[in-house]
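Listed here are the chains, written in short residue letters.
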Amino acid sequence: AFTGADWQAIIPGWEKAKEKGIKISNAPGANAPAVAEFAFGMALLMQRNMLELGRVGDKTFETTETFQGAEVGVIGAGNIGSRIVKMVAAFAPAKIWYHSRSPKSELDAEFADLQTLLSQSDVVIVAAPGSIGTIFDKETVGAMKQNALIVSISPRNLFDFDALLPLLQQERLRAAIDWPAPSEEYSKLPFHSWYNTTNHTAYNTKSVVQLCSDMGTKSLLNLLEKGQDDFQVV
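Residues numbered from 1 in each chain as written. Predicted model: local features only at pLDDT ≥ 70, side-chain atom pairs only at ≥ 80, totals over all residues. Heavy atoms only, no water.

Participant: Got a sec to walk through the environment of Thr-197? Specific residues and values, please.
Facilitator: Summarising the element assignment, Thr-197 is placed in the loop between strand E7 (194–196) and helix H9 (206–225). When its relative accessible area of 6% is taken as the criterion, Thr-197 is described as buried. When the C-alpha positions of Thr-197 and Ile-177 are compared, they lie 6.9 Å apart, and in sequence the two are 20 residues distant. Of the polar contacts made by the side chain of Thr-197, one reaches the backbone nitrogen of Trp-179; its length is 3.1 Å. For Thr-197, the side chain forms a polar contact with the main-chain oxygen of Asn-199, separated by 2.9 Å. (Helix = DSSP H or I, 4+ residues; strand = E, 2+ residues; numbered from the N terminus. Buried < 20%, exposed > 50% of the residue type's maximum accessible area, 1.4 Å probe, protein only. Polar contact = N/O pair within 3.5 Å; in protein donor to acceptor, adjacent residues only side chain to side chain.)

So this is what it looks like as structure tokens:
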């Protein structure tokens, strides 16, 4: 029982488990409130340059970027992405773009292909599964707006970090991810260009951990007693 979403990207050996007839369940939507909150928190932290203007920085005054009047793109419009769209809307952006497998009429945002979203957005928040593959390659990041911000709570395989690094060093782009720094070179970047967590942590709130645990336990009991569960994926 996997106590989260995007189980294929995070469970090692799930294909072998499937071959062996091992059943797998997940907990879709359970961590969405915490992850969306954390993603937007990182985006706000970077837009307002809170670190360099706080006790860990050395700036005392700076006119920063903001969400108001900015174009914001959200990649992924599932349980997490749809929450992020609503959070962004409260900050009066000029436009909200989103990209997903198919348009969603309930979202107050404009559906766009990836190329349009990435080329038009001042801020891009990534909430897509690892199965989407690498989307931030050399060509993609090179076509993004000057000083655009990328914020990701998605698996690391969505990024070509070798292609992203020189653009961060040149201050062409800014980025924040919910993973450790991919290399020592990233750790040398200034806070206004780059932020990373010390470990994957966006999901980790008391209420979400409890809910995911409860869902996983219920799924295990159903699979053992009935042989099936609503959240069974394999």
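Anyway, onward from the coordinates.
Participant: Any chance you could break down the pattern of salt bridges for me, citing the residues and the numbers?
Facilitator: Applying the stated criterion across every chain yields a total of 6 salt bridges. Here Lys-16 ties to Glu-19 by a salt bridge, and the two come within 3.3 Å at their closest N and O atoms. Of this pair, Lys-16 and Glu-19 both sit in helix H2 (residues 14–19), 3 residues apart, which is roughly one turn of the helix. Overall, Lys-16 belongs to the partly exposed group, its relative accessible area being 48%. Between Lys-95 and Glu-110 there is a salt bridge, with its nearest N and O atoms 2.5 Å apart. With Lys-95 in strand E2 (residues 95–99) and Glu-110 in strand E3 (residues 110–111), this residue pair connects regions lying 15 residues apart in the sequence. (Salt bridge = Lys/Arg side-chain N within 4 Å of Asp/Glu carboxyl O.)

Participant: I'd like a description of the side chain of Ser-100, backed by residues and values.
Facilitator: Mapped onto the elements of the fold, Ser-100 is located in the loop between E2 and E3. Engagement of the side chain of Ser-100 in a polar contact is seen with the backbone oxygen of Ser-102, the distance being 2.5 Å. Those residues in contact with Ser-100 that sit more than four places away from it in its chain are Ala-77 and Phe-111. (Contact = heavy atoms within 4.5 Å.)

Participant: Tell me about unusual backbone geometry, residues and numbers included.
Facilitator: In the Ramachandran plot, Asn-49 falls in the positive-phi region, its phi being about 50° despite a non-glycine side chain. For Ala-92, which is not glycine, the phi dihedral falls at a positive 55°. Its location among the elements puts Ala-92 in the loop between helix H4 (79–89) and E2.

Participant: Explain the sheet that holds strand E1 (residues 71–75) to me, and be specific about the residues and the numbers.
Facilitator: Ordered in space as E3-E2-E1-E4-E5-E6-E7, the 7 strands form an open sheet in which the pairing is parallel. At either margin of the open sheet sits one strand with a lone partner, and together these are E3 and E7. By the bridge criterion, 3 bridges tie strand E6 (residues 173–177) to E7 in an arrangement that is parallel. Within the sheet, the bridge partner assigned to Ile-177 lies in E7 and is Asn-196. Each of strand E4 (123–126), strand E5 (148–152), E6 and E7 is contacted by helix H3 (residues 32–47), which is oriented at about 150° to E5, the strand it contacts most. Lying over the sheet, helix H7 (residues 161–169) contacts E5, E6 and E7, oriented at roughly 130° with respect to E6. (Pairing = 2+ DSSP bridges. Axes fitted to C-alpha atoms, helices over the stretch in contact; angles between N-to-C directions.)

Participant: How would you summarise the side chain of Asn-222 if you had to cite specific residues and measurements?
Facilitator: Mapped onto the elements of the fold, Asn-222 is located in helix H9. Dropping the residues within four chain positions of it, Asn-222 is found in contact with Gly-227, Gln-228 and Asp-229.

Participant: So what's going on with the pairing of E1? Which residues, and what values?
Facilitator: Here E1 lies mainly inside the structure; 5 of its 5 residues are buried. Because side chains alternate across E1, one face comprises the buried residues Glu-71, Gly-73 and Ile-75, and the other comprises Val-72 and Val-74, equally buried. Of the strand pairs in this sheet, E1 and E2 are connected by 5 bridges, and their pairing is parallel. Within E2, the residue paired with Gly-73 across the bridge is Trp-97.

On their own, these measurements won't tell you what the molecule is for.
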